[in-house]
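Understanding the architecture of this molecule
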Amino acid sequence: MKTITDFPRTVLEFPDMGIVMPDGCRLSARVWMPDDADQEPVPVILEHLPYRKRDGTTARDALTHPYFAGHGYACIRVDMRGNGDSEGLMDDEYSEQELQDAVNVIAWAASQPWCNGNVGMMGISWGGFNSLQVAAKQPEALKAIITLCSTDDRYADDIHYKGGLLLNENLGWGSTMLSYSSRAPDPALVGDKWRDMWLARLENEPFLPADWLRHQRRDAYWKRGSVCEDFSKIKAATLAVGGWGDAYKNAVARIVEGVQAPAKGLIGPWIHKYPHFAVPKPAIGFLQEALRWWDRWLKGIDTGVENDPAMRLYVMDSVPPRDWYEERPGHWIAEKNWPSKTIAPKRLHLAADNSLTDTAEILSSIKVATPQDCGMAGGEYCAIWLGPELPGDQREDDEKSVCFDGPPLEASLDIVGAPVIRLRLAADHERAMVAVRLCDVQPDGSSTRITYGVLNLTHRDSHEFPKAMPPGEAVEITLKLDDIAYSVARGHRLRVAVSSTYWPLVWPSPRPVTLTLEQGAIDLPVRPSGSGDEVTFAEPEGATPWQVETLRKSANSRKVERDPATGKVSLVIVDDFGEIRDKDHGLVNGGVAREWWNIDPADPLSAFGKTHWTSTLSRNEWSLRTETFTKMHSDAKNFYLSGRIEAYEGNVLVFERDFKEEIPRDHI
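Here is a short report on the structure shown in this document. Here, residues in each chain are numbered from 1, in the same order as that chain's written sequence. Residues qualify for local features only when their pLDDT is at least 70, as the model is predicted, and side-chain atom pairs are given and counted only at 80 or more; totals for whole chains, interfaces and linings, by contrast, use all residues. To obtain the side-chain values, all non-hydrogen atoms of the structure were used and water was disregarded.

**Side note on the packing of aromatic side chains**
As a reminder of what qualifies: Pairing of aromatic rings covers Phe, Tyr and Trp, the last counted by its six-membered ring, and requires centre-to-centre distances within 6.5 Å; plane angles under 30 degrees mean stacked, over 60 mean edge-to-face, and any other angle means tilted. A 1.4 Å probe rolled over the protein chains alone gives each residue an accessible area, and that area as a share of the maximum for its type sets the label: buried under 20%, exposed over 50%, partly exposed in between. Secondary structure elements follow DSSP: runs of H or I no shorter than four residues count as helices, runs of E no shorter than two count as strands, and numbering proceeds from the N terminus. Two conditions define a charge located above a ring, namely a distance within 6 Å from the ring centre to NZ of Lys or CZ of Arg, and an angle within 35 degrees of the ring normal.
In this structure the tally under the stated criterion is 31 aromatic pairs. Consider the rings of Tyr155 and Tyr161, whose centres lie 5.1 Å apart with planes at 20°: the pair is stacked. There is no split in this pair, since Tyr155 and Tyr161 are both buried. The interplanar angle of 90° and the centroid separation of 5.5 Å between the aromatic rings of Trp194 and Trp622 together place this pair among those described as edge-to-face. Taken together, the residues span a long stretch of sequence, with Trp194 in helix α6 (residues 194-204) and Trp622 in strand β32 (residues 622-634) at a distance of 428 residues. Overall, the relative accessible area of 11% leaves Trp194 in the buried class. Among the aromatic residues, those joined into a ring-pair cluster are Tyr51, Tyr94, Trp126, Phe129, Trp173, Tyr180, Tyr248, Trp385, Phe577 and Trp613. Above the plane of the ring of Trp596 lies Lys610, whose end atom (NZ or CZ) is 4.6 Å from the centre.

**Quick notes on the pattern of salt bridges**
The condition that has to hold: Just to be clear on terms, a salt bridge is a Lys or Arg side-chain nitrogen sitting within 4 Å of an Asp or Glu carboxyl oxygen.
In the structure shown here, the tally under the stated rule is 55 salt bridges. Close ionic contact of Glu649 with Arg195 constitutes a salt bridge, the shortest N to O distance being 2.4 Å. Highlighted residues: Glu649 in strand β33 (residues 638-649) and Arg195 in helix α6, separated in sequence by 454 residues. Relative accessible area serves as the criterion here: at 24%, Glu649 is assigned to the partly exposed category. Using a relative accessible area of 32% as the deciding quantity, one classes Arg195 as partly exposed. Of the charged contacts in the structure, one is a salt bridge between Arg527 and Glu335, with a shortest N-O distance of 2.5 Å. Of this pair, Arg527 sits in strand β25 (residues 515-527) while Glu335 sits in strand β13 (residues 330-335), and the two are 192 residues apart along the sequence. Exposure class is identical for Arg527 and Glu335. Each is buried. Through salt bridges with shared partners, a single ionic network connects Lys53, Asp61, Arg77, Asp79 and Asp85.

**Description of the sheet that holds strand β20 (residues 433-441)**
Operational definition: Strand pairing is defined by DSSP finding a minimum of two bridges between the two strands. Helix axes are fitted to C-alpha atoms over the stretch in contact, other axes to C-alpha atoms as well, and angles between N-to-C directions run from 0 to 180 degrees.
On the basis of which strands lie adjacent, the open sheet formed by 4 strands has the order β17-β24-β20-β21 and antiparallel pairing. Single-partner strands in this sheet number two, and they are β17 (402-405) and β21 (447-456). Across the sheet, the mean angle from the axis of one strand to that of its neighbour is 20°, orientation sign disregarded. Note: β20 against strand β24 (residues 493-499), 7 bridges, orientation antiparallel. What sits directly across from Arg437, in β24, is Ala497.

**As for helix α10 (residues 286-299)**
Every α-helix winds through 3.6 residues per turn, so residues three or four apart in the chain are directed the same way. Defined as follows: Every helix has an expected span of 1.5 Å times one less than the residues it contains.
Over its 14 residues, α10 extends 19 Å from the first C-alpha to the last, a length consistent with the 20 Å expected when each residue adds 1.5 Å. With 11 of 14 residues buried, α10 is to be regarded as a mostly interior element. Of all the positions in α10, only Phe286, Leu287, Gln288, Glu289, Ala290, Leu291, Trp293, Trp294, Asp295, Trp297 and Leu298 are classed as buried. One or two positions beyond α10, positive phi appears at Gly300, with a value near 75°.

Quick look at the structure:
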């Protein structure tokens, strides 16, 4: 990345600008703006997050917000109420209070003498979600948004449920938030009241994994804030950005197709990161692209963004499977309109001899009864921590699944969009699931997961109104796999792998299940193959990186352990985020996240998840530490969740709190 230090306008930074809400709650904002904005007012770019501007998102903020400010914008990075250095309490993600606070910040910003009255909103993940949701509320000053790695559908496309199945990330990310939101504000900004603010947070901390698990179907809780319920409410120009290595790639196409305001989509090979410093490479000049968007919609400058393709997509080449890539070879394509008329379905049928053919046939009742540990090669649901989180070689999972292989390809095949599989199948129990993976089998036999999908069969007709499977009776299902842009190389084979389990991505059915396949076909969205870039981007740029002193280096590990005595399988994940000191204000922060996911391959009720987070904050003699813990297991009727917070000043325990929840299983 090229570091830019010379900007058209000189930048001032305010580390703690107070924005007082109508109820008196003071939100803390870090603000960058041109030093002459009072004389020459500028548009505002808002990012509204719970992830702590002082030590949480500082690395990316340092690259991004001064860059925009130097080009004539006021960037406001707000700590949500109850987080970071802001007052108040947080009760849930995307609450009405959170969204209304953002609307109030927008109105406040638009009224400032240094603002020209136009506001944009941006963010990745949480900030991408609330950008969409705030845009749907239509605040008068909000003219444009850039939403990255987010979704329009809170139920079907977030970290809670997928295909009507419970994602284990519901516990994983809920545990993350338990740790994040349990941290104290910085006394250097809030003064002596820091301790009272901290203890109030700890006392009122929500146990989010349980809150989310109480809503196992697509009810009103999830519909609120799901902008796909009515895309017409979004009047702001919308740039949607995603990555093929990220969990939220499916939303980009839906947003571009559904939003009636000007909307464009951009998807690269990246994991859950901003594209100017994302991996796998190639990163792009995202900040330059964002400036084109902001300049057009917030300043009225003709930058030509209206003429950009509806979708700019990176088509990844076939590569050997690995759980981490520094770079993915491929090329950029451009689709003027979306959906694209250049993409057409190619149908392949599942055959009785376990092949993929052009001709439909009966499968002669193929049985699918996979062990409970099928899926251990699936990687993280949402790759984010820069560790070995991507799906690796699929051969181990393929051996446990029922696979259908095509012949070696005579020419490369570019799959662009969402493959759709249709199956006629029966299950021997009322509650069952199916997982389908589309793989690229290389000449050496290694297997790369191209894309996948999972479905709770009780949700086959509706996520809102599930109904039991009729045991032994065949039903027809349609399963849309995740969006992808992938070029399968000449001489490689396509593989469709079907399983009745997918651990530890999703929680298993309460009993071992046997599926009976009677018929199946997959429609592949195929685009004429190409090789050269149809669109290009500038090299990445950014402002001066965050200046820190590393006290402990970061490290990531992900290990599968098998107990030969019991047969139990464990996935053990350790993400040590290291410890660093801010060279400007001296705050030291560090953390370690640990996860354990255990299961007996023969017993779905043995499924067990456990997490432990350590977070530290210090400066000179001031030193705090929080330890947060969660556990989850189930029987056939209920889920059982527990949690614990321990807070320390120095080595003295000053607060402890326990959570315990029993929640009925609802068609899961």
